[in-house]
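Overview (structure and organization)
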Amino acid sequence: MAEVPVEHGLILAAILFALGLTGVLVRRNLLFILLSLEVMINAAGVAFITAGSRWAQPDGQILFLFILAVAAAEVSIGLALVLLFHRSRKSLSVDDAIGMRG
Amino acid sequence: MLSLLWLVPAIPLAGFAALALLGNFRLPRAVTPIVGAGSVGLSALLTVLIGAQYLASPPAGSAYTQTVWNWMAAGGLTLAVAFRLDALSLTMIFVVTFVGFLIHLYSAEHMARDEGYNRFFAYMNLFVAAMLVLVLADNLLLLYLGWEGVGLCSYLLIGFWYREEANGRAARKAFLVTRVGDAALAVGMFLIFVQLGTWNIQDLMPRAAAQWTAGSAVALLAAALLLAGALGKSAQLPLQVWLPDAMAGPTPVSALIHAATMVTAGVYLIARMHVLFSLAPAVMLAAAVIGAATLLLAGLSALVQRDIKRVLAYSTMSQVGYMFLALGAGAWSAAIFHFWTHAFFKALLFLGAGVVIQSLDEEHDIFRMGGLRKTQPLTFWTFLIGACSLSALPLLTAGFYSKDKILWDVWSSPAGGPVLWAAGLAGAFLTSLYIFRVVFRVFFGAPFAKTQESSPPNQPGIRVRIPLLVLAVFSIGAGFVELPEALGNMPAFSDFLSTTLPALTVMAAAPGSEVFLEIDAAAAVLFGMLLAYVFFLRRPGLSDRMARTPAGNAIHRFWSAGWGFDWLYETVIVHPYVRLAARNKNDVFDRLVDRLVTRPYTWLARISRGDFFDRIFSWIADLNAGISRALGALQSGYVRWYAAGIAAGAIILIAMAVLQ
């Protein structure tokens, strides 16, 4: 199997990260912000895998497993928060949660 | 060991500082009594050790002076904070710390449920510290510091429950009345300093003896001014009005004021300055007469009081009257001996009264008590011992030996005589009559209805029982340090004091007359007890019927009001003064002050508003307000803005790392 160049993997990770960040910044819907956060986390995961394969070490894949576990936990808590948020405000827009402004 | 003398007043002072600075909130409630009573206890322990060394190997001249630091130096005058330990001050500090410690221990339980627990111990510690400074002071100015400190603490403690207006008024009264005496004392001190050129008490006395002839005007004036100061502090005629009202404070405070501190300060002052008083025979006679008059007046007033604490207050006045009688007769050591025994039995009586009052829900009226002998055996027995000692029950009690010595010395002193002796004897009769009236009313007879209703009073705890028992032991035993000639002849106490206080020069008296006088005194005491038994236990109707006759009623009211002194001062001094002040409101002086001070000042304040300095400060205020607004705007509440901020920050940091 042909080796994927490191640059390709990293560029992919960067693009994914930038897409995710853009999503977090421009989206107002909480659900989409959560999705964008997942994209950003997976971008970090891609970067780890790429680095692991570049140096032929298992560490990258181990770390990706950790990231998966953290992402799963984060999603479950995040969705619970979204649910509560929707229940109390009847909306999913983050711009409704500005009660703590200075 | 003697060099640790400065710690004796320093430890209670440190206790006060700790309690006052740490306050109610930072100090757990359980620690407060440990600090409060512990500091005085430590001080008492130190006093015992110092005393033991003083007795075992007396320092040169039987006195030890310790200079702690230089207080002030101005021109040719240098004043040191110096403490002097001699037989007199050792006796005083032992009583102050030892009795003071027992009272603190008692307060740890007695005051346990009071919200001002911490404040109470802070004041009490300061009180003890001030009294120790007073008695240890080596110069008059330091003595005056302690003197005023004692006055301040009495004000704070009498008005301890300040939420009730009457207590505040009693505190102000005590402060103002003693202030009259204090002002006289201050003038007397300045007179002595101007005339003799020294503040030091030990340098001053030989100089006074050398410069002033006995009976000269300046000696009379100085002694009279000091006597006026002593009269105020010791609640003697005519400045005695504050003491009965001082009962507004908590009971341990009364015990401390009456037994160990405050009222005995005047006795100490005269004993300390005895050389000066010896130069003024007329003033000594005045002291003796005032003492005799006070002891009779107060004894008669005590006879008709209903409040148990007021009986004890008048009793203190009367017993301090004995001390003044002895001082006036030149029997210095007899006065200090009576102070010594009085401290124990009076503290005991007050603490016992405190237990009784607390067990009956703050009931002070002895006519609403009764039969407590059965429910409170310990309080009964200790109170009985205190009462016997106060009334000088012959042979057994400490009070007998000290009171008997005063009577004998007054009889045989050239400055005394049969008239003063007879007053003292009548006082002894009155004493046993009024105190056994209290004993029979409170502890014997049928329980008052109210006491029956309430469940049996909970017995006092160990911290109350120990002080009662120890003081009871001392109320009996403290008298055996000095036995009169007819009964063993062992004048250990006056021998001990003889290094400081000269012995009395006795007139040649017929041999055996001392025994005769003692039998007289004993008969007076026993007759008083018998009369009390008949009037207040056996036939209680008899005294009531006497009080109901018009003459009896008038006398009853007159004595009960303390011989009308309060009324006299109200009409002669307080009311005219208040009226004068009210009438002179807005008079020419008020208007002058308004024109010259108040108005120019407000005008100045108005025109200088908005000047250069004002602008600097308002600019600083504006700057801060602007920064606050700008920073507040950053907290927009929009999560996306925060995320953008984080992203921008991360990009900048990465860029810096990459481009470096």
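Heads up: the structure comes first, above all this text.
Residue numbering note: each chain is counted from 1, following its sequence as written. For naming, the first written chain is A and the first written ligand is 1, with later ones following in the order written. At least 70 in pLDDT is required for a residue's local features to be given in this predicted model, at least 80 for side-chain atom pairs to be given and counted, and no such filter applies to totals for whole chains, interfaces and linings, which use all residues. As a rule here, side-chain values cover all heavy atoms of the structure and leave hydrogens and water aside.

Quick look at the overall build of chain A now. Starting at the N terminus, helices and strands are each numbered in turn, a helix being any DSSP run of H or I of at least four residues and a strand any DSSP run of E of at least two. If you tally the helices and strands in chain A, you get 3 helices and 0 strands. When the helices and strands of chain A are listed from N to C terminus, the series reads α-α-α. We compute the radius of gyration over the C-alpha atoms and compare it with the globule rule, which gives 2.2 Å times the number of residues raised to the power 0.38. Taken over C-alpha atoms, the radius of gyration comes to 17 Å for chain A, far larger than the 13 Å a tight globule of 102 residues would show. In terms of overall dimensions, chain A has C-alpha extents of about 50 × 25 × 25 Å along its principal axes. The rule is simple: take the accessible area with a 1.4 Å probe, protein chains only, and divide by the maximum for that residue type; under 20% is buried, over 50% is exposed, in between is partly exposed. For chain A, with 102 residues in total, the buried portion stands at 25%.

Residue and element names in this part refer to chain B. Cavities and pockets are defined on a 1 Å grid built over the protein atoms alone: a cavity is a set of grid points where a 1.4 Å probe fits but cannot escape, while a pocket is an open set with protein on both sides within 12 Å along at least five of seven lines, and lining residues are those with an atom within 4 Å of any such point. Grid points are joined across faces, edges and corners, and a volume is the space filled by probe spheres set on the points. Tallying each qualifying case throughout the model produces 3 cavities of 30 Å³ or more. Here the largest cavity defines a volume of roughly 60 Å³. Looking at the largest cavity, the residues that line it are Gln240, Val241, Pro244, Tyr314, Met317, Ala561, Gly562, Phe565 and Asp566. Counting only elements with at least two residues in the lining of the largest cavity, the list comes to helix H14 (308-328) and helix H26 (565-583). When residue character is reported, Ala, Val, Leu, Ile, Met, Phe, Trp, Tyr, Cys and Pro are called nonpolar, Asp, Glu, Lys and Arg charged, and the others, Gly included, polar. For the lining of the largest cavity, the residue count by class is 6 nonpolar, 2 polar and 1 charged.

We now examine the packing of helix H1 (residues 6-26) of chain A against helix H29 (residues 639-659) of chain B. Axis lines are fitted to C-alpha atoms, over the contacting stretch for helices. Their N-to-C directions set the angle, which ranges from 0 to 180 degrees. Interhelical geometry of H1 of chain A versus H29 of chain B gives an angle of 145° and a closest axis separation of 8 Å. Note on element contacts: H29 of chain B touches H1 of chain A through Arg640, Ala643, Ala644 and Ala647 of chain B, opposite Leu21, Val24, Leu25 and Val26 of chain A. For the contact of H1 of chain A with H29 of chain B, a count of residues per class yields 7 nonpolar, no polar and 1 charged. Note on definitions: a residue-residue contact is assigned when non-hydrogen atoms from the two residues lie within 4.5 Å.

Looking now at the side chain of Thr397 of chain B. Residues and elements named next belong to chain B. Residue position: Thr397 is located in the loop between helix H17 (377-390) and helix H18 (398-412). Assessed through its relative accessible area of 1%, Thr397 is described here as buried. At 2.8 Å, the side chain of Thr397 forms a polar contact with the backbone oxygen of Leu393. Not counting residues up to four positions away in its chain, the partners in contact with Thr397 are Cys388, Ser389, Ala392, Ser475 and Ile476. In protein, a polar contact requires one atom able to donate a hydrogen and another able to accept it; more generally it is a pair of N or O atoms within 3.5 Å, and residues adjacent in sequence count only if both atoms are side-chain atoms.

What follows covers the pattern of salt bridges. Residue and element names in this part refer to chain B. For this document, the term salt bridge refers to a Lys or Arg side-chain nitrogen within 4 Å of an Asp or Glu carboxyl oxygen. Per the counting criterion, the structure on display carries 12 salt bridges over all chains. Between Lys233 and Asp182 there is a salt bridge whose closest N-O contact spans 3.5 Å. Note that Lys233 is positioned in helix H8 (residues 217-233) and Asp182 in helix H6 (residues 165-196), a separation of 51 residues in sequence. In this structure, Lys233 and Asp182 share a single accessibility class: buried. With a shortest N-O distance of 3.1 Å, Arg599 and Asp594 are connected by a salt bridge. When its relative accessible area of 25% is taken as the criterion, Asp594 is described as partly exposed.

Moving on, we get to the nonpolar core. Remark: nonpolar core denotes a set of buried residues (Ala, Val, Leu, Ile, Met, Phe, Trp, Tyr, Cys) joined through side-chain atoms within 4.5 Å. Trp242, Met273 and Phe277 of chain B are the most contacted members of the largest nonpolar core, which has 211 residues in total. Among the elements that line this core, the one with the most residues is helix H15 (residues 332-359) of chain B, at 19 residues. Counting residues in hydrophobic clusters, the runner-up holds 9 residues, among them Leu30, Phe85 and Val94 of chain A together with Ala643 of chain B.

What follows is about the interface of chain A and chain B. By a widely used convention, the size of an interface equals the accessible area lost when the partners come together. The interface is formed by 13 residues belonging to chain A together with 9 residues belonging to chain B. Accessible area that two parts lose when put together, evaluated with a 1.4 Å probe and summed over both, is termed the buried area. In total, about 890 Å² of surface goes out of reach between chain A and chain B, with carbon and sulfur atoms giving 61% of it. Summed over the shared surface of chain A and chain B, the number is 1 salt bridge.

Among the 9 residues in strand S2 (residues 77-85) of chain B, 7 count as buried, and that is most of the element. Hairpin geometry of strand S1 (residues 64-74) of chain B and S2 of chain B is characterised by an intervening segment of 2 residues between the two adjacent antiparallel strands and by a positive phi of about 60° at Gly75 of chain B. Strands are labelled as partners when DSSP assigns at least two bridges between them.

These values are about where atoms sit, not about what they do.
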